[in-house]
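If you want the building blocks of each chain, they are given just below.
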Amino acid sequence: MKVQNQYSNEELQPLQSIEQWEDDVLKRYPEAGEPAKAKEEYRNYDNPGRDTVREFYRLNHKYQTYDFVQEKMADFLQFNRKEMPVWNAMEFLNTLVDDSDPDIDLDQLQHLLQTAEAIRADGHPDWFVLTGFIHDMGKVLCLFGEAQWAVVGDTFPVGCQFSDKIVYPEFFADNPDIHDERYNTKYGVYAPNCGLKNVHMSWGHDEYLYHITKDYLPEPALYMIRYHSFYAQHREHAYDHLMDDHDREMFQWVKKFNPYDLYSKSPKPPVIKELKPYYEDLIARYLPATIRM
Ligand SMILES: [Fe+2]
Ligand SMILES: [Fe+2]
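Let me begin by describing the structure that accompanies this report. (Residues numbered from 1 in each chain as written. Chains lettered and ligands numbered in written order. Predicted model: local features only at pLDDT ≥ 70, side-chain atom pairs only at ≥ 80, totals over all residues.)

Considerations on the overall build of the protein
At step 1: For the protein, the count of helices and strands is 13 helices and two strands.
At step 2: Here the protein, with 293 residues, has 39% of them falling under the buried criterion.
At step 3: If you take every contact in the protein between residues at least 6 apart in sequence, the share linking residues at least 24 apart comes to 77%. (Helix = DSSP H or I, 4+ residues; strand = E, 2+ residues; numbered from the N terminus. Buried ≥ 20, exposed ≤ 12 C-beta atoms within 10 Å, placed from the backbone. Contact = placed C-beta atoms within 7 Å.)

As structure tokens, then:
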């Protein structure tokens, strides 16, 4: 069953490229010290880029239902699409480079290397560096024909009330789950403070990569991977009522990771050839020779 067949081309790819989403997150959460201009730009709704992002979230909020997530998990967690070494998976991801947006200067691999190099420069443990390097590898979902709004974008719990702290909350009006009494209460299918391990998140590159790596990396790394786009919690604290004490402890790591993801972009691209031996060695320390996707 190919779910995406029900969507039009415009619905599959509302963004010019998936980086448009991250550029928008950066405007929403500008780096401390340079807020004013960025915030103004963010509010500029006449900007066509903003309309594209709005359309992206309209689709994301409409289609990410509890059932949609179950369907995607049942399909993608079979890992029956590809098997390859991690470095090759990164190169595969890099074929995603989009030529329709001339403003984008960094490809996926460069973003990952810059994130990882910034973490390494601050002297963090090697598994933290590795996490920076692979954190967006789940975006290969795009190469398997998935809609952009089912790969990137802020993530949030499904199966319970959508918080109005999620970006563009008004678009949840189109999500059928808000009329389903199993899912539309504060706790929905969950119990108070049940812990995020019991909570289903909207489907995307975060959840997917978590399942690929869950047997190999330390727990803080897995939290960073799984919840790095969960801005409604790690920035807005909208889902404290589902978190348990262990989540709260682990979210310190998610928060530590986020600035490296958002603010490590430098105009000087890393020299991939020079860095490759270090990262191949780092991958081999934690991950198997090949991964299944
Ligand atoms: Fe990401
Ligand atoms: Fe990222």
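Some points on the nonpolar core
At step 1: The biggest cluster of nonpolar side chains holds 68 residues, and the ones touching the most others in it are F56, A89, M90, F133, M137 and V140.
At step 2: The dominant element in this core, judged by the number of residues it contributes, is helix 10 (residues 219-227), at six residues.
At step 3: Residue contacts for F133: discarding those within four places in its chain leaves L112, L113, A116 and Y279. (Core = buried A, V, L, I, M, F, W, Y, C linked by C-beta atoms within 7 Å.)

A look at the packing of helix 6 (residues 86-94) against helix 7 (residues 108-121)
At step 1: Running from N to C, helix 6 and helix 7 cross one another at 130°; their axes reach a closest spacing of 7 Å. One way to sum up the angle between helix 6 and helix 7 is to call them oblique. Seen from helix 6, the contacting residues are M90, L93 and N94; seen from helix 7, they are Q108, L109 and L112. (Axes fitted to C-alpha atoms, helices over the stretch in contact; angles between N-to-C directions. Parallel < 35°, antiparallel > 145°, perpendicular 65-115°, else oblique.)

A closer look at the environment of G159
At step 1: Its place among the elements puts G159 in the loop between helix 8 (126-134) and helix 9 (205-213).
At step 2: Sequence spacing of G159 and Y66 is 93 residues, and the spatial spacing of their C-alpha atoms is 5.3 Å.
At step 3: For G159, the contacting residues outside a window of four places in its chain are Y66, Y183, G188, V189, Y190 and H200.

Remarks on the environment of N60
At step 1: For N60, the location among the structural elements is in helix 4 (residues 48-63).
At step 2: Put simply, N60 and F171 are 111 residues apart on the chain and 8.6 Å apart in space, counted from C-alpha to C-alpha.
At step 3: With residues up to four places along the chain from it excluded, the contact list for N60 reads W149 and G153.

Some words on unusual backbone geometry
At step 1: In this model, F79 sits at a positive phi of 50°, which is unusual for a non-glycine residue.
At step 2: Within the fold, F79 resides in the loop between helix 5 (66-76) and strand 1 (83-84).
At step 3: You can call F79 partly exposed: it has 13 C-beta atoms within 10 Å.

A word on the packing of helix 8 against helix 13 (residues 272-286)
At step 1: The geometry of helix 8 relative to helix 13 is characterised by a closest axis approach of 10 Å and an angle of 110° between their N-to-C directions. It follows that helix 8 is roughly perpendicular to helix 13 by the angle criterion. From helix 8, D126, W127, V129, L130 and F133 reach across to helix 13, where they touch Y279, L282, I283, R285 and Y286.
At step 2: Its residues placed into classes, the contact of helix 8 with helix 13 shows eight nonpolar, no polar and two charged. (Nonpolar A, V, L, I, M, F, W, Y, C, P; charged D, E, K, R; others polar.)

Thoughts on helix 7
At step 1: The terminal C-alpha atoms of helix 7, which comprises 14 residues, lie 20 Å apart, in line with the 20 Å expected from a rise of 1.5 Å per residue.
At step 2: If you check which residues of helix 7 are buried, you get Q108, L109, H111, L112, L113, Q114, T115, A116, E117, I119 and R120.
At step 3: Against helix 6, helix 8, helix 12 (245-263) and helix 13 lie the buried residues of helix 7.
At step 4: Where helix 7 terminates, the next one or two residues include G123, which has phi positive at roughly 80°. (Expected span 1.5 Å × (residues − 1).)

A look at the environment of S202
At step 1: You can see S202 is positioned in the loop between helix 8 and helix 9.
At step 2: Not counting chain neighbours up to four residues away, the residues in contact with S202 comprise Q64, V69, T155, F156 and V158.

Here's the deal with helix 6
At step 1: Within the span of helix 6, buried status applies to V86, A89, M90 and L93. The buried residues of helix 6 occupy one face: seen down the axis, they fall within an arc of 100°.
At step 2: Lining the buried residues of helix 6 we find strand 1, helix 7, helix 8, helix 13 and strand 2 (291-292). (Arc of directions from axis to C-beta.)

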